[in-house]
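Per-entry structural report
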Protein chains: 2
Amino acid sequence: MGQAMALNLIKAGYTLRVYNRTAGRAEPLVALGAESVSRPSEAATKGNIVITMVTDDSALEDIVRSEGFMERLGRGGLHLSMSTVSPATSRQLADFHDEYGSHYVEAPVFGPPEAATARKLWICIAGSKEAKKRALPLLDAMGQGIFDFGERIGSALIVKICGNFISFTAMEAMMEACRMAQKNGINPSEMMEMLSRTMFTAPVYQNFGKLIAINAEQITLQGLPNSWIVVKDIGLFKERAVMAETEAPLANLLNDLISESPSP
Amino acid sequence: MGQAMALNLIKAGYTLRVYNRTAGRAEPLVALGAESVSRPSEAATKGNIVITMVTDDSALEDIVRSEGFMERLGRGGLHLSMSTVSPATSRQLADFHDEYGSHYVEAPVFGPPEAATARKLWICIAGSKEAKKRALPLLDAMGQGIFDFGERIGSALIVKICGNFISFTAMEAMMEACRMAQKNGINPSEMMEMLSRTMFTAPVYQNFGKLIAINAEQITLQGLPNSWIVVKDIGLFKERAVMAETEAPLANLLNDLISESPSP
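Residues numbered from 1 in each chain as written. Chains lettered and ligands numbered in written order. Predicted model: local features only at pLDDT ≥ 70, side-chain atom pairs only at ≥ 80, totals over all residues. Heavy atoms only, no water.

1. Regarding the overall build of chain A
From N to C terminus, chain A includes 12 helices and eight strands. With respect to the three principal axes, the spread of C-alpha positions in chain A is 65 × 45 × 35 Å. A fraction of 68% describes how many contacts in chain A between residues 6 or more apart in sequence connect residues 24 or more apart. Within the structure as shown, chain A displays about 11400 Å² of accessible surface, and the carbon and sulfur contribution to it stands at 50%. Taken together, the 25 basic and 29 acidic charged side chains of chain A have centroids lying 6 Å from each other. (Helix = DSSP H or I, 4+ residues; strand = E, 2+ residues; numbered from the N terminus. Contact = heavy atoms within 4.5 Å. Areas by Shrake-Rupley, 256 points an atom, 1.4 Å probe, with all protein chains shown as cover. Lys, Arg positive; Asp, Glu negative; His and termini not counted. Charge placed at Lys NZ, Arg CZ, Asp CG, Glu CD.)

Have a look at this one:
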């Protein structure tokens, strides 16, 4: 994901220093002129912009709190945080940047890696007006649409977490429908083909419908490619619902379903 | 729904006899040349085609088993059954027609009344080849696409029931997401506007997203307009899943949610 996004930044003319846990991942970027660094903090340079795209809250915290990261970014620097993490973590990081005089924008993205490659990500943003304005040209180089959810850090992440919850619900619904249909003598692929061409023309149905239909008998949320994302983001949704004291029986059910067997 | 469909048949040049429980509903059709009859059986004429679009299984059974209905339709008649009912009921009716030498095609439709008016229904069909061929011009006058699920009666209804289940799941997901977002300081309308323009471009999100967002705090599946359809069709889905012995935790949850308070 990060690689595809970085490629689009290089294409747009930006000069990059890149870091990835797996060093080889940076190679295609280095071939195009990026400088590969051996520690995350080295990707940050005085008063410039640093972009993070990582797995989860702890990976993000590890980077920001790694030795020298904040000092290297320094006053006037901008951290563009694009991972899907908890809004609470995002707010803490924003406060941490405040202490150092650097700025923070959260900008979680919707779309699979192919969308990142094609510069077709949908990006939600939150942060101070000036910081967002500064981030805009970079976001524009990575996405096809940018949606501003205000100044309050955490707001863009709430929207992202809600969107993922709606997607995962759609997947579980397709799984139950394909299973039931198959047992009733219907070809699930034929059914999903019809449904995703007519009433359910959204990407989640069109992309995952095929995959679910051909594996109708055995597929589960845990069996999806990258099911760790489902586990993480349903967990984030449930956490926010509990904190806000809103009823979320569907989120609770998905959370139970995904927790039933050991994660892969 | 039936009125809008009948109007399109009249526009396509068909001569209709129409019956509705509420007599006034037939008036716009009569004004265009349809003959209004006072009993359902009088809508059936020897060897011709009769179309039914009714509330549920018992309403459909009442019509077909009403005095004189089968005799009036007679040998070579065709019953085009377009309501969403149980596949089991549909099969029983098909057998009943067999006894009388008449034919039966099931043709449940996807789309709201506005889609019926605009001749934009999506129609799934099942039945014998010859009977479907005979029904095709009429279906074509009512819908924008016809999807053939074979000869086995019940198959088109399974697809319709699966489609509605997927829709209702999407609605519950939007309700939980809007509720959680609102409590977290996000404007749910702004969120649904973004989501339904990007990742969730299907009609269920675009049409119901607005309604759910503006009522985020109190809306439930039971509070939806026409929530009796949700009750009925989730019931039909659950019934088929139980009969087929497939796991359907999401369908069970929706069934519980919709059964919690007395139906309106």
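2. Brief notes about the relation of the copies chain A and chain B
Superposition record for chain A on chain B: RMSD 0.0 Å, screw rotation 180°, translation along axis 0.0 Å. As the rotation angle and translation indicate, the two copies are arranged about a two-fold axis. For chain A, the minimum C-alpha distance to the rotation axis belongs to A202(A) and amounts to 2.6 Å. Here 100% of the contact residues of chain A are again contact residues in chain B; the copies associate through an equivalent surface. (Least-squares fit on C-alpha atoms with pLDDT ≥ 70 in both.)

3. Concerning the packing of helix 8 (residues 155-183) of chain A against helix 12 (residues 249-259) of chain B
With their axes 8 Å apart at the nearest point, helix 8 of chain A and helix 12 of chain B run at an angle of 105° to one another. On the basis of the axis angle, helix 8 of chain A is roughly perpendicular to helix 12 of chain B. Together, T169(A), E172(A), A173(A), E176(A) and R179(A) of helix 8 of chain A and P249(B), L250(B) and A251(B) of helix 12 of chain B make up the contact between the two elements. Residue composition of the contact of helix 8 of chain A with helix 12 of chain B, grouped by class: four nonpolar, one polar and three charged. (Axes fitted to C-alpha atoms, helices over the stretch in contact; angles between N-to-C directions. Parallel < 35°, antiparallel > 145°, perpendicular 65-115°, else oblique. Nonpolar A, V, L, I, M, F, W, Y, C, P; charged D, E, K, R; others polar.)

4. Some details on the packing of helix 9 (residues 188-197) of chain A against helix 8 (residues 155-183) of chain B
Interhelical geometry of helix 9 of chain A versus helix 8 of chain B gives an angle of 55° and a closest axis separation of 11 Å. One finds that helix 9 of chain A runs oblique with respect to helix 8 of chain B. By crossing handedness, the relation of helix 9 of chain A to helix 8 of chain B is classed as right-handed. Across the interface between the two elements, M191(A), M194(A) and L195(A) from helix 9 of chain A touch V159(B), C162(B), G163(B) and I166(B) from helix 8 of chain B. Across the contact of helix 9 of chain A with helix 8 of chain B, the residue classes tally to six nonpolar, one polar and no charged. (Left-handed = near helix turned anticlockwise from the far one by under 90°.)

5. Some remarks on the packing of aromatic side chains
If you walk through the whole model with that rule in mind, you get nine aromatic pairs over all chains. Between F165(B) and F237(B), the ring centres sit 4.0 Å apart and the planes meet at 20°, which makes this aromatic pair stacked. Here F165(B), found in helix 8, pairs with F237(B), found in helix 11 (residues 227-243); they are 72 residues apart in sequence, far enough to count as distant. No difference in accessibility class separates F165(B) from F237(B), as the two residues are buried. With centroids separated by 5.0 Å and ring planes inclined at 50°, the aromatic side chains of F200(B) and Y205(B) adopt a geometry described as tilted. For the pair F200(B) and Y205(B), a shared accessibility class is recorded, and that class is buried. Three or more aromatic residues joined by ring pairs form one cluster here, namely F200(A), Y205(A), F200(B) and Y205(B). Geometry around F96(A) places R65(A) over its ring, the cationic atom sitting 4.3 Å from the centre. (Phe/Tyr/Trp six-rings, centres within 6.5 Å; stacked < 30°, edge-to-face > 60°. Buried < 20%, exposed > 50% of the residue type's maximum accessible area, 1.4 Å probe, protein only. Lys NZ or Arg CZ within 6 Å of the ring centre and 35° of its normal.)

6. Topic: the sheet that holds strand 5 (residues 103-106) of chain B
Residues and elements named next belong to chain B. Taken together, three strands build an open sheet; the order of strands is 3-4-5 and the sheet is parallel. On the outer flanks of this sheet lie strand 3 (49-52) and strand 5, each paired with one strand and no other. Taking the axes of each pair of neighbouring strands and ignoring which way they run, one obtains an average angle of 20° across the sheet. Pairing between strand 3 and strand 4 (residues 78-81): four bridges, direction parallel. Each bridged residue has a counterpart across the sheet, and for T52 the counterpart in strand 4 is S81. With respect to the sheet, helix 5 (residues 87-100) is in contact with strand 4 and strand 5, its orientation differing from that of strand 5 by roughly 160°. (Pairing = 2+ DSSP bridges.)

7. A short note on the UniProt feature "active site" (unreviewed entry) in chain A
Residues and elements named next belong to chain A. The feature "active site" (unreviewed entry), as given by UniProt, occupies K160 in the numbering adopted here. On the secondary structure map, K160 appears in helix 8. Judged by its relative accessible area of 8%, K160 is buried. Setting aside residues up to four positions removed in sequence, K160 forms contacts with T84, P108, V109 and F110. (UniProt positions renumbered as here; feature names shortened; annotations may be inferred.)

8. Structural notes on unusual backbone geometry
Peptide bonds are, in most cases, trans, and in most cases residues other than glycine have a negative phi. All names here are of chain A. Look at R119: it is not a glycine, yet its phi comes out positive at around 60°. Tracing the backbone through its elements, the reader meets R119 in the loop between helix 6 (113-117) and strand 7 (121-125). Backbone geometry at E245 places phi at a positive 55°, although glycine is not the residue there.

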